[in-house]
Amino acid sequence: MIERSPVFNIFTYAAMTLGLLVVLVPFWIVIVAGSQSLQEVSRVPIVLWPSSHLWENIQAAWARADLGPKMINSLIVASGVTFGKIVLASISAFAIVFFDFRARMVCFWMIFITLMLPLEVRIVPTYAIAANALLPFQVVLDTLGITGLVQTLSSVRIGLEWNLLNSYTGLILPLVATATGTFLYRQFFMTIPDELIEASKMDGASPVRFFFDVLLPLSRTNMLALATIMFVSSWNQYLWPLLITTDRTNYGTVVMQLKALIPTQNGTPDWNVTMAGALIIMLPPLLIVALMQRWFVRGLITRDK
Amino acid sequence: MAAISFSGVKKRYQKNDVIHGVDVEIEAGEFVVILGPSGCGKSTLLRMIAGLEEISEGTIAIDGKVVNELEPRERGCAMVFQNYALYPHMSVRQNIGYALKVAGMPKAEREAKVLKVAKSVSLEPYLDRKPGELSGGQRQRVAMARAMVREPKVFLFDEPFSNLDAKLRVAMRAEVRNLHRSLGVTSVFVTHDQTEAMTLADRLIVMNSGFVEQVGKPSEVYHHPASLFVADFIGSPAMNLVRGFFGEDGYFRHGKGGMVNLPGLAKAHLSREVSIGIRPELVRRVDAGHKDAIAAVVDYTEELGASRLVYARADGSPIIAVDSGTDALGTGMPVHFALSESDIHVFDHSNGRRVDHNGRPVRATDTVSA
């Protein structure tokens, strides 16, 4: 729609400015509050102008929430989840798009339907699996009567157990499955012309070779776009890390530590430190988006040849 | 160099046959063009040689070895695709050398080969460019270089020039012809463009809706079409084809009471419905007083420069003639034509096959000389 009239221009600019304000004001408040002293932040009405205590507040927040090691944990988890998601999504989309097997549409829809089952909905069974990742196999063995059989024969009871609680594996693995990523990759793979596949067949390339030599390089922009979204969303995970880590000191992530920064009911209301902490914690995803935004937009909207 | 032989080759999708049994021998070093309208199965046949389509029935042998169960890479064929199918993220050098890289050839040897092939199709200055930075003709050359570098036993071309403009197409045609002359590799070329087919082919395979209509040298196919389809498909303007039947009195009857005296042909074709065909350039324009002249009325004319095409109507049957006269010929004016019996082809209307002048039907693979 192309419309050019002064009234319409004013309207569009007004809408955009309003949207920008809605997005930016919370950030501004975080920065302002994070730079004020305890007295300044407690003043009524609120002062919406930054002060000079930002660095001290950041130091205080960093120390109080033990952000150093937690930052490393968060980085490990977010990069692990991002990497895992990309690998899993590209491989599953590769199988669905390029191989003609009988159950492929069933597989695709099964993956696609999981979009309707976010982590929050399946959190209890997921926790059960994380507590013992081999539980499904144990159940299979039990129902088939193999456990009983082995027990009567050798008086050894099969008990499979693989505990993922309080481990990086447990923080990462359950978040790796991604319908969104598979779908994105599928859409991209479907735009690859058949002739390219045939040319690589004629050149003698095996499917794996085709995947690495042709598909992956071609999907680079998509991959970066997906990586950006995935990194930000896994950095922001709160519920799952909270549930699966009892050992906060070693396996806590920064987002969990936000809770530790919020003033308690009878404690000092030092919101300035809380805000400075929030500022540190949201910095990495902000940086990633800022760095990747060129690829991000290109990967999701247009397609470079 | 390798010979290719098809025996009873069929292609079936679910329950539909798209190729109904092809039996053709392609000799080693030959340049064969498969010609036919869209959807006639010509590309499918080519892709079956390449190994990109399964062979539902029958066998294809390359150099005497049945290849039905072989992977594309094991068949020794190289293919040039219609849309070039170059890898967009690789440079020209990498595109050409990819097959060798996959085959595990050492880098130095590979580079040398790529360079040599690039030289032969004058692509040297572009080796480090991406396909996106090349023109259509250059991309087509890269596609050809990619096929050549593997030194295949067979070249397969799937309508490679249909995305090029007319001038470039002529140039590329000459290039392919030269390439074939210097390398002598057996080549199969699919196209729907008859000029391309006629100029390139040692032999033509004309296909229509999954059947091979005729196999033969371009001149044979043009001068002695084996079926109604071939007669109509090859040649521009198309052959004049008139439906009717021969009477005992030696006259051919057609249209609304039209009669042509063809006593030499009548005997062999009594008692069946036929179409007779004659090339427009063999229809002679004569004076009204000429013996056995066919009277017609001009519909319109098309000026070609050296000659003109006269579209006329004789007793309801359309007739096209190439005429070199310069007199004014307007719509509705009378003209007269004469035909020689030796230029006329007779086709059995029940099955569309040509019938020779002794009344015997002609098969697709017959070498027709009379």
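Read on for an overview of the structure. The model shown is predicted, which means the values in this text are computed figures rather than measured ones.

Now for the overall build of chain A. Each helix and strand in chain A was counted, giving 17 helices and 0 strands. Taken over the C-alpha trace, chain A has a radius of gyration of 25 Å; the compact-globule value for 305 residues is 19 Å, which it surpasses by more than 25%. Here the C-alpha coordinates of chain A stretch approximately 75 × 65 × 30 Å along the principal axes. When burial is assessed residue by residue, chain A has 38% of its 305 residues classed as buried. Of the contacts made within chain A by residues no fewer than 6 positions apart, 72% connect residues no fewer than 24 positions apart. Carbon and sulfur atoms provide 71% of the accessible area of chain A, an area that totals close to 17900 Å². Here chain A carries 19 positive and 16 negative side-chain charges, and the mean point of each set is 2 Å from the other.

Turning next to the interface of chain A and chain B. Tallying the contact residues gives 17 residues for chain A and 24 residues for chain B. Between chain A and chain B, roughly 1800 Å² of surface is buried when both sides are summed, and carbon and sulfur atoms account for 60% of that area. Three residues, Glu195(A), Met202(A) and Asp203(A), lead the burial of chain A against chain B; their summed loss comes to 40% of the area buried on that side. Joining chain A to chain B, the criterion identifies 1 salt bridge. Taken together, chain A and chain B are joined by 7 residue pairs in polar contact (both at pLDDT 80 or more). Top element by residues in the side of chain A that touches chain B is helix H11 (residues 194-202) of chain A. It accounts for 7 residues. Classifying every residue of the side of chain A that touches chain B by side-chain character gives 7 nonpolar, 3 polar and 7 charged.

In the structure shown here, the tally under the stated rule is 27 salt bridges over all chains. For Arg47(B), the salt bridge is made with Glu198(A), and the minimal N-O distance between the two is 2.8 Å. Placement of the pair is Arg47(B) in helix H1 (residues 42-50) and Glu198(A) in helix H11, with the two residues belonging to separate chains. Glu198(A) matches Arg47(B) in its accessibility class, with the two residues each being buried. Residues Arg169(B) and Asp193(B) are paired through a salt bridge, measuring 3.6 Å at the closest nitrogen-oxygen approach. In this pair, Arg169(B) sits in helix H5 (residues 166-183) while Asp193(B) sits in the loop between strand S8 (186-191) and helix H6 (194-200), placing the two residues 24 residues apart along the sequence.

As for its placement among the helices and strands, Asp213(A) is situated in helix H12 (residues 207-218). The exposure class of Asp213(A) is buried, given its relative accessible area of 18%. A distance of 2.8 Å separates a polar atom in the side chain of Asp213(A) from a polar atom in the side chain of Tyr98(B).

In this structure the tally under the stated criterion is 25 aromatic pairs over all chains. Plain terms: the ring middles of Phe211(A) and Phe212(A) are 5.2 Å apart, the flat faces sit at 80° to each other, and that makes the pair edge-to-face. An angle of 15° between the planes, with centres 4.5 Å apart, marks the rings of Tyr300(B) and Tyr311(B) as stacked. Here Tyr311(B) lies in strand S17 (residues 308-314) and Tyr300(B) lies in strand S16 (residues 294-303), a separation of 11 residues in the sequence. We classify Tyr311(B) as buried; its relative accessible area is 15%. By way of ring pairs, the aromatic residues Phe94(A), Phe98(A), Phe99(A), Tyr185(A), Phe188(A), Phe189(A), Phe210(A), Phe211(A) and Phe212(A) are connected into one cluster. A cation over a ring is seen here: Arg186(A) above Phe108(A), with NZ or CZ 4.0 Å from the ring centre.

With that settled, the discussion passes to the sheet that holds strand S1 (residues 4-13) of chain B. Residues and elements named next belong to chain B. Read from one edge of the open sheet, 4 strands run S2-S1-S4-S5, paired in antiparallel fashion. The outermost strands of the open sheet, each flanked by one partner alone, are strand S2 (16-26) and strand S5 (65-66). Across 2 bridges, the pairing between strand S4 (residues 57-62) and S5 is antiparallel. The residue of S5 that forms the bridge with Ile62 is Lys65. Contacting S1, S2 and S4, H1 crosses the sheet at an angle of about 115° to S1.

Basis of the calculations
- Residues numbered from 1 in each chain as written.
- Chains lettered and ligands numbered in written order.
- Predicted model: local features only at pLDDT ≥ 70, side-chain atom pairs only at ≥ 80, totals over all residues.
- Heavy atoms only, no water.
- Helix = DSSP H or I, 4+ residues; strand = E, 2+ residues; numbered from the N terminus.
- Rg over C-alpha atoms; globule rule 2.2 N^0.38 Å.
- Buried < 20%, exposed > 50% of the residue type's maximum accessible area, 1.4 Å probe, protein only.
- Contact = heavy atoms within 4.5 Å.
- Areas by Shrake-Rupley, 256 points an atom, 1.4 Å probe, with all protein chains shown as cover.
- Lys, Arg positive; Asp, Glu negative; His and termini not counted.
- Charge placed at Lys NZ, Arg CZ, Asp CG, Glu CD.
- Buried area = accessible area lost by both parts, 1.4 Å probe.
- Salt bridge = Lys/Arg side-chain N within 4 Å of Asp/Glu carboxyl O.
- Polar contact = N/O pair within 3.5 Å; in protein donor to acceptor, adjacent residues only side chain to side chain.
- Nonpolar A, V, L, I, M, F, W, Y, C, P; charged D, E, K, R; others polar.
- Phe/Tyr/Trp six-rings, centres within 6.5 Å; stacked < 30°, edge-to-face > 60°.
- Lys NZ or Arg CZ within 6 Å of the ring centre and 35° of its normal.
- Pairing = 2+ DSSP bridges.
- Axes fitted to C-alpha atoms, helices over the stretch in contact; angles between N-to-C directions.

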